[in-house]
Each structure stands twice: as structure tokens, then as C-alpha cells.
Amino acid sequence: MMSKYLEDNHQHICCPLCENENLTSTFQSEDIQYGSSGKSVTVDIPVFICPSCSFVFSGEEAETVIHDAICKDMGVLTPSEITEIRRKLGLSQEKFAELTKIGVASIKRWESGKTIQDASKDTYLRLLAIPEVMDKLERINNKAKQLPTKKEPKFRSQFSPATISRAENFQLRRLAA
Ligand SMILES: [Zn+2]
């Protein structure tokens, strides 16, 4: 089976050993370990085979396929799914960060597959895919902008002189022997 990547980038890829450009592609099933608990997931990795020197190697597409498989195994959104949620909202990474209060660096890392979002951020991202949620979030942000920025005086309890006097004269009652 011809991989999509090979079709698109055929002219750019050659065998790293013999520079043959006439490569074939296939899938190699591998158990990929991830995380500290030694979890593993079986992934069909797209690989290139050089017919002239028999060298087998993988490209960028393999990285994406492995990363997506790990995300799916963990039950979290893949980088492309996160990008899709953001694009459907018509927002740049910067604007998306501003609205959601998620750091733009985090968004960039998740979308490029450098790191995987934790469960709470994943839930938040899934909620953001619901249009009503984004509308609500925009209203919350607008309200927040209207809040006074000057510091309000700190709340302090007011005690009556009688209360203060009672507190001053307070004594533990002796327990009956
Ligand atoms: Zn070769």
C-alpha cells in the first residue's frame, strides 16, 4: 500500500544509505512503550524500503502516526484534533490562548506533538469544541474586563463594643469536679 506521505513527498525522499529515490512503502507493526508505567500500544508504522540496498527506515509520518496512537490509547485528543477544534473556531493560536487562558506555548506544544495535554486540559479542549461553550466563555471574559481594576478595601469584621468586652472578659468555666 502506498502511504499518503510517500505520494506527496516522493520526489524529496531518498534512501539515506544509497540515495536511491525509487522507494517502496509498507507498514510495520510495532509495540511502542510510553509513559513511566511501561504502557504499550501496537502501532502500524509506515516505513520506506529501499529495493536496491534493502534498508528500511521511517520518516516524519511515522512520528505522527506513533504520537496519534499513544494519544488514542491514553484517550486524549491528538494534535490534529486540537488544531481542528481551534481552526473551527476561526482562531489563531495566540487568540485561542487569550480567550481560553491556556498558555500559547502549551497550545503550540500540544499541536506540534511535543507534549501531551493532561486529562483536565483535554476535557477543557473538548468542551471548547461546543459552540455554546465558546459563547459562554466570551461572555465570561467580557464581564471580567468590566470588573474594577482598582483595589477594593479589604473586608473586615466589625465588632460591637459589647462583643469586644465579652471577649476581653472571657474565661473558661471550671468544670464541676
Ligand atoms: Zn538504499
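Data block above holds the structure.
As the structure is a computational prediction, the values presented were derived from the model and not from experiment.

J.: Where do I start with the overall build of the chain in this structure?
T.: Tallying secondary structure elements over the chain gives eight helices and three strands in all. Secondary structure elements of the chain, listed N to C terminal, follow the sequence α-β-β-β-α-α-α-α-α-α-α. Restricting the contact set of the chain to residue pairs at least 6 apart, pairs at least 24 apart contribute 47%. Of the roughly 13100 Å² that the chain leaves accessible, carbon and sulfur atoms contribute 53%.

J.: Just to check I follow, could you spell out the coordination of the zinc ion for this structure?
T.: Around a metal, the perfect tetrahedron of four donors has angles of 109.5 degrees, and the perfect octahedron of six donors has angles of 90 or 180 degrees. The protein atoms donating to the zinc ion are C15 (SG), C18 (SG), C50 (SG) and C53 (SG), with metal-donor distances spanning 2.3 Å. Coordination at the zinc ion comes from four donor atoms whose angles at the metal span 100 to 122°, giving a geometry best classed as tetrahedral. Mapped onto the sequence, the donors of the zinc ion take the spacing C-x2-C-x31-C-x2-C. By relative accessible area, which is 0% here, C15 ends up buried.

J.: In this structure, what is going on with the pattern of salt bridges? I would like to understand it.
T.: Close approach of charged atoms allows side chains of opposite charge to pair. Overall, the coordinates contain five salt bridges when judged by the stated rule. For the salt bridge of K108 with E94, the shortest nitrogen-to-oxygen distance reads 3.4 Å. Separated by 14 residues along the polypeptide, K108 in helix 5 (residues 104-112) and E94 in helix 4 (residues 93-100) bring together distant segments of the chain. For K108, a relative accessible area of 38% translates into the label partly exposed.

J.: Where do I start with helix 5 in this structure?
T.: Structural remark: α-helix, 3.6 residues per turn; residues separated by three or four positions point the same way. Buried within helix 5 we find S106, I107, W110 and E111. One side of helix 5 carries all its buried residues, which in axial view fall inside an arc of 125°. Next to the buried residues of helix 5 lie helix 3 (79-88), helix 4 and helix 6 (119-128). Two residues or fewer past helix 5, G113 is found with a positive phi of approximately 80°.

J.: Would you take a moment to explain unusual backbone geometry for this structure?
T.: Of all residues except glycine, most have a negative phi; of all peptide bonds, most are trans. Despite not being glycine, E19 has its phi angle at roughly 65°, a positive value. You can see E19 is positioned in the loop between helix 1 (4-9) and strand 1 (24-34). The phi angle at K101 is positive, at roughly 70°, despite the residue not being glycine. Position of K101 among the secondary structure elements: in the loop between helix 4 and helix 5.

What counts, and at which threshold
- Residues numbered from 1 in each chain as written.
- Predicted model: local features only at pLDDT ≥ 70, side-chain atom pairs only at ≥ 80, totals over all residues.
- Heavy atoms only, no water.
- Helix = DSSP H or I, 4+ residues; strand = E, 2+ residues; numbered from the N terminus.
- Contact = heavy atoms within 4.5 Å.
- Areas by Shrake-Rupley, 256 points an atom, 1.4 Å probe, with all protein chains shown as cover.
- Donors = N, O, S within 2.8 Å, 3.2 Å for Na, K, Ca; no water.
- Tetrahedral: all angles 85-135°; square planar, octahedral: opposite > 155°, others 65-115°.
- Buried < 20%, exposed > 50% of the residue type's maximum accessible area, 1.4 Å probe, protein only.
- Salt bridge = Lys/Arg side-chain N within 4 Å of Asp/Glu carboxyl O.
- Arc of directions from axis to C-beta.

Shape is all these values report; function is a separate question.
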